There are 2 protein chains.
Amino acid sequence: MNKKNGPTLVKKLSRQELVVHSKPTSRDVARAAGVSQSAVSRAFTDGGKVAPETREKILRAAEAINYVPNIHARSLITRRTGMIALVVGDITNPFYPEILDTLSKKLQTVGQRVVLFNISRDEPIDLAISGVLKYQVDGIIIASALPGISIAELSLKTYSPVVLINRTIRSAPVDTVSCDNFSAGKFLANLLLDSGHRRPAFVAGLAGASTSVERERGFREVVLARTGKEPLIANGDFTYQGGVDAARSLFENKYPPDSIFAANDIMALGVLDALRIELGLNVPKDVSVIGFDDIGTAAWPSYSLTTFRQPVSEMIDEALRLLSERISDPKRKPANVVLPGTIVLRKSARLSTKRQRKSQIASA
Amino acid sequence: MNKKNGPTLVKKLSRQELVVHSKPTSRDVARAAGVSQSAVSRAFTDGGKVAPETREKILRAAEAINYVPNIHARSLITRRTGMIALVVGDITNPFYPEILDTLSKKLQTVGQRVVLFNISRDEPIDLAISGVLKYQVDGIIIASALPGISIAELSLKTYSPVVLINRTIRSAPVDTVSCDNFSAGKFLANLLLDSGHRRPAFVAGLAGASTSVERERGFREVVLARTGKEPLIANGDFTYQGGVDAARSLFENKYPPDSIFAANDIMALGVLDALRIELGLNVPKDVSVIGFDDIGTAAWPSYSLTTFRQPVSEMIDEALRLLSERISDPKRKPANVVLPGTIVLRKSARLSTKRQRKSQIASA
DNA sequence: GTGTTTGTTGCATACGTATTCATTGATCGT
DNA sequence: ACGATCAATGAATACGTATGCAACAAACAC
């Protein structure tokens, strides 16, 4: 379309002879510096063997003609692109920008970059995956539910290392990093019951999301064992509005809850707003609310949300470690790293002081 | 390091003969389907001339061996990578995830992807730019202050189309898309004064950021003209905490303001929390607060922030239009697209009803 | 039947860089 | 002074794909 080769007029005319306004290549630099193309390549490679003065000369020439190495050509040979794919489902949940921020900063210190794959909820999953694979990324970090993805498929189709972060898959041959969601659920149930709450409720996220399911399992198990009754449960879809709706529906119940644990912070904030503003309740006096993640907003004084903090930075460190381990040994058994989280006590939950001291729980 | 070529044992051994566990290429598909490599390429190219049954055969073979085209090899020839760089400074401000979300979804519908460049505030700018250029992206969208960047440099060094979004540069030869910040500042000052406020204050963002400067200029101009006095001004650094601090400092003044316009929403929320919780003031009764951007949180009932909405989706449409126009005509004069925003009336500002009807302002 | 058009296909080459190999000049030990 | 070692460099090739060109077959008009 914007190709303007006049292919017929001239018999043989190499691109070099045409004065095309196009990005300079290593050959252009070589010519300008009076060296070979290989020398230029070596000057731009970290361990490259070049005489210091030659390198200087080359770098000056490159600077002069605004040369920048072409990463794609390089990646053809080195088989490394320096790109890590981050697959994300719901980027409007502030937890994911935090992951994105941490991840991209960590990667940039080692010269790598994040390519973002923003999966819509209704996007066919096969398409999404092969979309990622085309980019020959060095690794794939999935922080999204990926509804209906068969992991067998994933590992078959993928020659790139994959790590699931904040997601697990039962008996899956994939590396995963996550918080100890089951223990956290138990911990929070105990915390609420120890502080005198009698009717804890749970607000679940997207149906089938492992994080929500695990937190619910731990929570429900303890509540059932200690009170003899199932906790009330509502669905919040992992969104603020979902939290609002869930709170409403919980309080349509004849015996509404006296405490609510939401599977993530953004839902907890929705719950809080609904309780206070729509239902006119006092938090934490009438109802205690606890979230999960510890996003920035949770600390704002208007909310002052008590929540269970995920160790984002450590999780990403682990994810990157798993990726690089798998690069050097593709056949290694998949690892499931489980990290401990931390309760962050603020004002949205009425908790007894005794228990507050024991704020850190250990990992399984 | 993980290269295991035994280069000495065998004289000549092409890669194809070695049974390397490596990604299949178009040649592998060609062999499997009994066609030439060119046929495979054509089968995977949109307008490619191949017989329908041949294409079918090829696609089946590709599927069978999990072949995925290598985008980097393709980009060497087509000179298009399908990647758009988004340069962002402060991703923890929810406004930018919103941009990121909108942008990546729009791009994905046309088969393009976002590569994120998350610039730290202290990162040397030259490094950052050549970091971007290495990727040969089809276009660069800058939504960051890029402190101290000389635009002359930028356009010289860059052979890729560049668009500044939510940023402008005085007399710059670069395409830009932004809201009419100056008019918005004037509009909001008039709005506050019309509603009986007498001492409007302004909370500025990062020093030198064009958006903040322009909004301030319009605001100050009207306040000065109509009240005869400069508005109070505090700095908020574009962050929540900055907004908190700015509110404090404004109210250390002997004659504190009766209304505050913050240059973005996240600061306005900090202002709100500081006023209500630290200073015990009633918003909007004692003080009116207005923000800018209309991020999701602004609508939450706890804040119900009156704010000036930026037309994010339209801004991104325009940015993409400018990019593609510049691809087809690199020498076109730079355009500065200015879009109108909309006032969003909520409860954080005490405004007279009459004015509220006239909520939409026109662009300059 | 011939000549012409149309539609498919394969061959060969180019994209920009990294890397192997051979060559050269320099350095060193003796 | 002389061979041996070493550092620096260039020539040539490969990475995986797209594409111009030629070859070819089929279809068609006459």
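Please refer to the structure placed before this passage.
On a predicted model such as this, the values are computed, not experimentally measured, just so you know.

Engineer: I'd love a proper account of the sheet that holds strand β9 (residues 288-293) of chain A, names of residues and values included.
Structural biologist: Residue and element names in this part refer to chain A. The mixed open sheet is built from 6 strands, whose spatial order is β7-β6-β8-β9-β10-β12. At either margin of the open sheet sits one strand with a lone partner, and together these are β7 (232-235) and β12 (342-344). The average undirected angle you get between the axes of adjacent strands in this sheet is 20 degrees. Examined bridge by bridge, strand β6 (residues 200-204) and β7 share 4 bridges and lie parallel to one another. Looking at β7, one finds that Phe202 is bridged to Ile233.

Engineer: Explain the protein's contact with DNA strand D to me, and be specific about the residues and the numbers.
Structural biologist: Around DNA strand D, a shell composed of 28 residues is seen, among which Thr54 of chain A together with Ser26, Ser41, Arg74 and Ile77 of chain B lie nearest. Of all atoms in DNA strand D that approach within 4 Å of the protein, 57% are sugar or phosphate atoms. Residue Ser26 of chain B places a main-chain N or O atom 2.5 Å away from a phosphate oxygen belonging to DNA strand D. Contacts to DNA strand D include Arg74 of chain B, whose side-chain N or O atom sits 2.3 Å from a phosphate oxygen. Here the surface near DNA strand D is built from residues that sort into 10 nonpolar, 11 polar and 7 charged.

Engineer: Break down the packing of helix α1 (residues 26-33) of chain A against helix α3 (residues 52-64) of chain A for me, with residues and values.
Structural biologist: Residues and elements named next belong to chain A. Taken N-terminus to C-terminus, the directions of α1 and α3 make an angle of 115 degrees; their axes are 9 Å apart at the nearest point. As α1 packs across α3, the resulting crossing turns out to be right-handed. Facing Val29, Ala32 and Ala33 of α1, the residues of α3 in contact are Lys57, Ile58, Ala61 and Ala62. In terms of residue class, the contact of α1 with α3 is made up of 6 nonpolar, no polar and 1 charged.

Engineer: Account for the interface of chain B and chain A, naming residues and giving values.
Structural biologist: If you look at the interface, chain B gives 58 residues, while chain A gives 58 residues. For the pair chain B and chain A, the two sides together bury roughly 5500 Å², of which 60% comes from carbon and sulfur. Among the residues chain B hides against chain A, the three largest losses belong to His72, Tyr159 and Trp300 of chain B. Together they make up 14% of the total. Counting every contact that joins chain B to chain A gives 0 salt bridges. The tally of links from chain B across to chain A stands at 16 residue pairs in polar contact (both at pLDDT 80 or more). When grouped by side-chain class, the residues that make up the side of chain B that touches chain A number 27 nonpolar, 21 polar and 10 charged. In the sheet, strand β2 (residues 113-118) of chain A pairs with strand β2 (residues 113-118) of chain B via 3 bridges, with the strands oriented antiparallel. Directly across from Val115 of chain A, in β2 of chain B, lies its bridge partner Val115 of chain B.

Engineer: I'd like to hear about the protein's contact with DNA strand C, residue by residue, with values.
Structural biologist: Taken together, 28 residues sit near DNA strand C, with Ser26, Ser41, Arg74 and Ile77 of chain A together with Thr54 of chain B positioned nearest. Backbone sugar and phosphate groups make up 57% of those atoms of DNA strand C lying within 4 Å of the protein. The separation between a phosphate oxygen of DNA strand C and a polar main-chain atom of Ser26 of chain A is 2.5 Å. A distance of 2.7 Å separates a base nitrogen of DNA strand C from a polar atom in the side chain of Arg42 of chain B. At the level of secondary structure, the elements contributing two or more residues to the surface near DNA strand C comprise α1, α2 (37-44) and α4 (71-78) of chain A together with α2 (37-44) and α4 (71-78) of chain B. In terms of residue class, the surface near DNA strand C is built from 10 nonpolar, 11 polar and 7 charged.

Engineer: Could you give an account of the sheet that holds strand β9 (residues 288-293) of chain B, with specific residues and numbers?
Structural biologist: Residue and element names in this part refer to chain B. Pairing is mixed across the open sheet formed by 6 strands, whose spatial order is β7-β6-β8-β9-β10-β12. Lying at the two open borders of the sheet, with one neighbouring strand each, are β7 (232-235) and β12 (342-344). Going across the sheet, the axis of each strand differs from the next one's by a mean of 20 degrees, ignoring polarity. One ladder, built from 4 bridges, connects strand β6 (residues 200-204) with strand β8 (residues 259-262); its direction is parallel. Opposite Val203, over in β8, you have Ala262 as the bridge partner. In this fold helix α9 (residues 210-227) packs onto β6, β7, β8 and β9, with an angle of close to 165 degrees to the strand it touches most, β6.

Engineer: Quick one: what's the story with the pattern of salt bridges, residue by residue and with numbers?
Structural biologist: Under the defined criterion, the tally for this structure stands at 34 salt bridges over all chains. For the salt bridge of Asp175 of chain A with Arg332 of chain A, the shortest nitrogen-to-oxygen distance reads 3.3 Å. One end of the pair, Asp175 of chain A, is in strand β5 (residues 175-179); the other, Arg332 of chain A, is in the loop between α12 (312-328) and β11 (336-339), with 157 residues separating them in the sequence. As far as the burial class goes, Asp175 of chain A and Arg332 of chain A line up, both buried. Residue Arg248 of chain B is joined to Glu278 of chain B by a salt bridge in which the shortest nitrogen-to-oxygen separation is 2.7 Å. Highlighted residues: Arg248 of chain B in helix α10 (residues 240-251) and Glu278 of chain B in helix α11 (residues 265-278), separated in sequence by 30 residues. Residues joined by salt bridges that share partners form a network here, namely Asp175, Glu318, Arg321, Glu325, Arg326 and Arg332 of chain A.

Engineer: Break down a nonpolar patch on the surface for me, with residues and values.
Structural biologist: A contiguous nonpolar surface patch, about 400 Å² in accessible area, is contributed by Leu76 and Ile77 of chain A together with Leu76 and Ile77 of chain B. Secondary structure elements with two or more residues in the nonpolar patch: α4 of chain A together with α4 of chain B. Position of Ile77 of chain A relative to the elements: it lies in helix α4. When its relative accessible area of 66% is taken as the criterion, Ile77 of chain A is described as exposed.

About the criteria used
- Residues numbered from 1 in each chain as written.
- Chains lettered and ligands numbered in written order.
- Predicted model: local features only at pLDDT ≥ 70, side-chain atom pairs only at ≥ 80, totals over all residues.
- Heavy atoms only, no water.
- Pairing = 2+ DSSP bridges.
- Helix = DSSP H or I, 4+ residues; strand = E, 2+ residues; numbered from the N terminus.
- Axes fitted to C-alpha atoms, helices over the stretch in contact; angles between N-to-C directions.
- Near = heavy atom within 4 Å.
- Polar contact = N/O pair within 3.5 Å; in protein donor to acceptor, adjacent residues only side chain to side chain.
- Nonpolar A, V, L, I, M, F, W, Y, C, P; charged D, E, K, R; others polar.
- Left-handed = near helix turned anticlockwise from the far one by under 90°.
- Contact = heavy atoms within 4.5 Å.
- Buried area = accessible area lost by both parts, 1.4 Å probe.
- Salt bridge = Lys/Arg side-chain N within 4 Å of Asp/Glu carboxyl O.
- Buried < 20%, exposed > 50% of the residue type's maximum accessible area, 1.4 Å probe, protein only.
- Patch = residues over 30% accessible without salt bridge, like charges linked within 9 Å, V, L, I, M, F, W, Y side chains within 5 Å.
- Areas by Shrake-Rupley, 256 points an atom, 1.4 Å probe, with all protein chains shown as cover.

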